[in-house]
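# Structural description and commentary
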Amino acid sequence: MQLNKIHITNFCNLKNLELQFHPSVNAFVGNNGMGKTNILDAINYLCLTRSNFSRTDKFNVLHGENFFRISGDFTRNSKKNHVVIKLPVEGQKSLELNGKDLERMVDHIGKFPVVMIAPKDNVQILESSAERRKLIDKVLSQVNIAYLKDLMAYNKLLEQRNAMLKSGQSSGSVKALLEVYDEKMEPLAKHIFLQRNEFIEELKPIFIRLYSRIAHSGEQAEMEYFSQLSVGNFIEKCRKNLEKDMALKRSSTGIHKDDVHFTINQNAISNFASQGQLKSLVLAFKLAQFVYLKMKTDTTPVILLDDVFDKLDRDRVKHLVQLLFEEQLGQVFITDTDEQRILETFEKINFEFFWFKIKDGTVIQRNGTES
Amino acid sequence: MNISSKIVEDAVKSFSSLPGVGRKTALRLVLHLLNDKYDLADEMSLGLSKLKEVRFCKQCHNISDNDVCEICTSQARNRQTVCVVESIRDVIAIEETGYFSGLYHVLGGIISPLNGIGPENLNIRSLLERIERQGVEELIMAISPTIDGDTTIYYLTRMIPSHVKVSTIARGVAFGGELEYADEFTLGRSIASRVPYTVQNNQL
């Protein structure tokens, strides 16, 4: 899959930007806060109908304007596709595929697979299990639309269950209602658990291989999926925790408590990992997701690399770029503040690419010629 | 709008506070009443002031002029079958069909803790009492097919005695509708919950 062209209007700090892309590598250079990441996020919008940074949609509208619009031309399995996403500040987000309005955003997910690697991922992987689940859900939703629908239904029921708990009532009829929610959530939870479990099992060997390639130091990384559903009966657990839930006013049983643990040489990363190790681990995890997506869908996903070379030593940068090359990444979009580093890196391996120098939301230079 | 009569102005204001009525429509209605020669306005004001007397049926919570509504007191109706609905409007809609001769029970909403509606905010206890007292044999759940509607049906089914038969209204392809226009979910459900065909009950 390829993104050939993008037209961005009023998105973040990008007033009006039209870019033609190279089929393999596109690099954006420039100082911090110039809009490099916003270009990647605009691509993310075209693929997943939303921001990678879980910001509310309307915060992405250029200050003082009342809408944003992003359009892109994709080639997918040699068929041309035109995607337009629009957001009026006062109104509903809409998405158009080849001139036709899509009724539900969810129908677009998975058509144009994408993986974005951003500095925030480092924090996400350490921060909370909720963020780690989000990283998994983002990939699974792209390969399995039934998974996304189950997850949405499960979350709706969970929200109602929590609202009932928050009300603080504890009569017999409230308890009976909580049990009703448990029974309705059970089949959904089971399905989600099985999908996540299978996903992690498939991802694990790819992840381990990629980490050792990036780190290049004989370090061994591991990942493990934890879920309350892996042993015992869901309903029984819910019953057992009912009193506790009512005291805590939230639901303590279910797949919303799932987690993934990462270790390097059998030590938990949260305790000891260095910035560089963490970055390598996130890269390996994300690239593994890319390999997985490529395996499961009939097209090569687009990959968005935001500031990935930062905090990596020269060796790791070299291994990473070699790896990108070997895994046949397809189309890559990459940002870097260090113009020299990125140009040298790609020139060294004789990689053909486009580069754009971004300043204040516009391109001031591209492939050596003034624009 | 510049109206030379304060009385007309007030009447326009009252009409336009109704849902679906704007100021222009309100003015048209008021002018109509003004020109009317058959005491329509008097008739209306009498009727409107009587609205205060409308009560809710003690048995089924439908609107009623007496303590118990006409549907509940009717001898012609089947007292063993009760149709459970969300609101009074649903009762009126089902009555319009002329296909149902049992009694009703208005829940007053569906369970949605997010909107502050738990089982105790609905007319569920009175339904359970009715089942006991009235010897109800079947409950027909005429409730919207949403996640919350489904939860409400599930909850009620758990609460009522097991000898009571529970059914839900059929969900599927619209009458007179063409298959190719039905969405896949609806069509899928129609196939899964297909009904036996007999010549007697399927004549148009």
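Residues numbered from 1 in each chain as written. Chains lettered and ligands numbered in written order. Predicted model: local features only at pLDDT ≥ 70, side-chain atom pairs only at ≥ 80, totals over all residues. Heavy atoms only, no water.

With domains assigned, chain B is organised as domain 1 (6-53) and domain 2 (69-196). Centre-to-centre separation of domain 1 of chain B and domain 2 of chain B, based on C-alpha positions: 37 Å. (Domains from an automatic or database assignment.)

By a widespread convention, an interface's size corresponds to the accessible area lost as its parts come together. Between chain A and chain B, the residue contacts involve 19 residues of the former and 15 residues of the latter. Taken together, both faces of the contact between chain A and chain B bury some 1500 Å²; the carbon and sulfur share is 61%. Considering only the surface of chain A that becomes buried against chain B, A:Q160, A:V180 and A:K184 emerge as the three largest contributors, covering 33% of it. Summed over the shared surface of chain A and chain B, the result is three salt bridges. With a shortest N-O distance of 3.3 Å, A:K184 and B:D150 are connected by a salt bridge. (Contact = heavy atoms within 4.5 Å. Buried area = accessible area lost by both parts, 1.4 Å probe. Salt bridge = Lys/Arg side-chain N within 4 Å of Asp/Glu carboxyl O.)

This paragraph deals with the sheet that holds strand 10 (residues 259-264) of chain A. Residues and elements named next belong to chain A. Read across the open sheet, the three strands follow the order 9-10-11; overall the sheet is antiparallel. Unpaired on one side and paired on the other, strand 9 (221-226) and strand 11 (267-268) mark the two borders of the sheet. In this sheet, strand 10 lies alongside strand 9 in antiparallel orientation, the contact comprising six bridges. Each bridged residue has a counterpart across the sheet, and for M223 the counterpart in strand 10 is F262. Strands in contact with helix 8 (residues 275-296) are strand 9 and strand 10; relative to strand 10, the strand with the most contacts, it is inclined by about 125°. (Pairing = 2+ DSSP bridges. Helix = DSSP H or I, 4+ residues; strand = E, 2+ residues; numbered from the N terminus. Axes fitted to C-alpha atoms, helices over the stretch in contact; angles between N-to-C directions.)

Okay, the nonpolar core next. A:I334 and B:L139 are the most contacted members of the largest nonpolar core, which has 114 residues in total. In terms of residue count, helix 5 (residues 172-215) of chain A provides more of this core than any other element does, 20 residues in total. Setting aside chain neighbours within four positions, we find B:L139 in contact with B:V82, B:V84, B:L127, B:I131, B:I160, B:V164, B:K165, B:V166 and B:S167. If you look at the next biggest cluster of nonpolar residues, it comprises 43 residues, including A:C12, A:L14, A:L17 and A:L19. (Core = buried A, V, L, I, M, F, W, Y, C linked by side-chain atoms within 4.5 Å. Buried < 20%, exposed > 50% of the residue type's maximum accessible area, 1.4 Å probe, protein only.)

Here we take up the sheet that holds strand 5 (residues 138-142) of chain B. Strand pairing within a sheet occurs via backbone hydrogen bonds; the two strands may be parallel or antiparallel. Residue and element names in this part refer to chain B. Taken in spatial order, the four strands of this open sheet run 4-3-5-6, and their pairing is parallel. The strands lining the two open edges of the sheet, one partner per strand, are strand 4 (102-106) and strand 6 (165-168). Within the sheet, the average angular offset between the axes of one strand and its neighbour, ignoring direction, is 25°. Sheet topology places strand 3 (residues 78-85) next to strand 5; five bridges connect them, and they run parallel. Across the sheet, C83 pairs through a bridge with I140, a residue of strand 5.

In helix packing, the relevant descriptors are the interaxial angle and the interaxial distance, both defined with respect to the helix axes. Residues and elements named next belong to chain A. As a packed pair, helix 2 (residues 120-127) and helix 3 (residues 129-143) sit with axes 6 Å apart at the nearest point and diverge in direction by 120°. It follows from the interaxial angle that helix 2 and helix 3 lie oblique. Here helix 2 contributes D121, Q124, I125, L126 and E127 to the contact with helix 3, which in turn contributes E131, R132 and L135. Partitioned by chemical class, the residues of the contact of helix 2 with helix 3 number three nonpolar, one polar and four charged. (Parallel < 35°, antiparallel > 145°, perpendicular 65-115°, else oblique. Nonpolar A, V, L, I, M, F, W, Y, C, P; charged D, E, K, R; others polar.)

Let us look at empty space enclosed by the protein. All names here are of chain A. Counted by the stated rule, this structure contains two cavities of 30 Å³ or more. Its boundaries defined by the atoms lining it, the largest cavity holds a volume of some 80 Å³. Forming the walls of the largest cavity are 13 residues, and the residues nearest its centre are V114, V115, M116, K138 and Q142. Only helix 1 (36-48), strand 8 (114-117), helix 3 and helix 8 provide two or more residues apiece to the lining of the largest cavity. Residue composition of the lining of the largest cavity, by class: seven nonpolar, four polar and two charged. In terms of lining, the second largest cavity is formed by I117, A118, P119, N122, K279, V282, L283, D306, D307 and V308. Sort the elements by how many residues they give to the lining of the second largest cavity and helix 8 lands first, with three residues. A per-class count over the lining of the second largest cavity returns six nonpolar, one polar and three charged. (1 Å grid on protein atoms, 1.4 Å probe; cavity = no way out; pocket = protein on both sides within 12 Å on 5 of 7 lines; lining within 4 Å. Points joined across faces, edges and corners; volume = space filled by probe spheres on them.)

So, about the side chain of A:H108. Structurally, A:H108 is set in the loop between strand 7 (100-101) and strand 8. Once residues within four sequence positions are removed from consideration, A:H108 is found in contact with A:L46, A:C47, A:T49, A:V83, A:L95 and A:L102.

All names here are of chain A. A cluster of like positive charges, contributed by K166, K240, K244, R250 and K257, occupies part of the molecular surface. Topologically, R250 is positioned in the loop between helix 6 (234-248) and strand 10. Taking relative accessible area as the criterion, R250 reaches 42% and is therefore assigned partly exposed. (Patch = residues over 30% accessible without salt bridge, like charges linked within 9 Å, V, L, I, M, F, W, Y side chains within 5 Å. Areas by Shrake-Rupley, 256 points an atom, 1.4 Å probe, with all protein chains shown as cover. Lys, Arg positive; Asp, Glu negative; His and termini not counted. Charge placed at Lys NZ, Arg CZ, Asp CG, Glu CD.)

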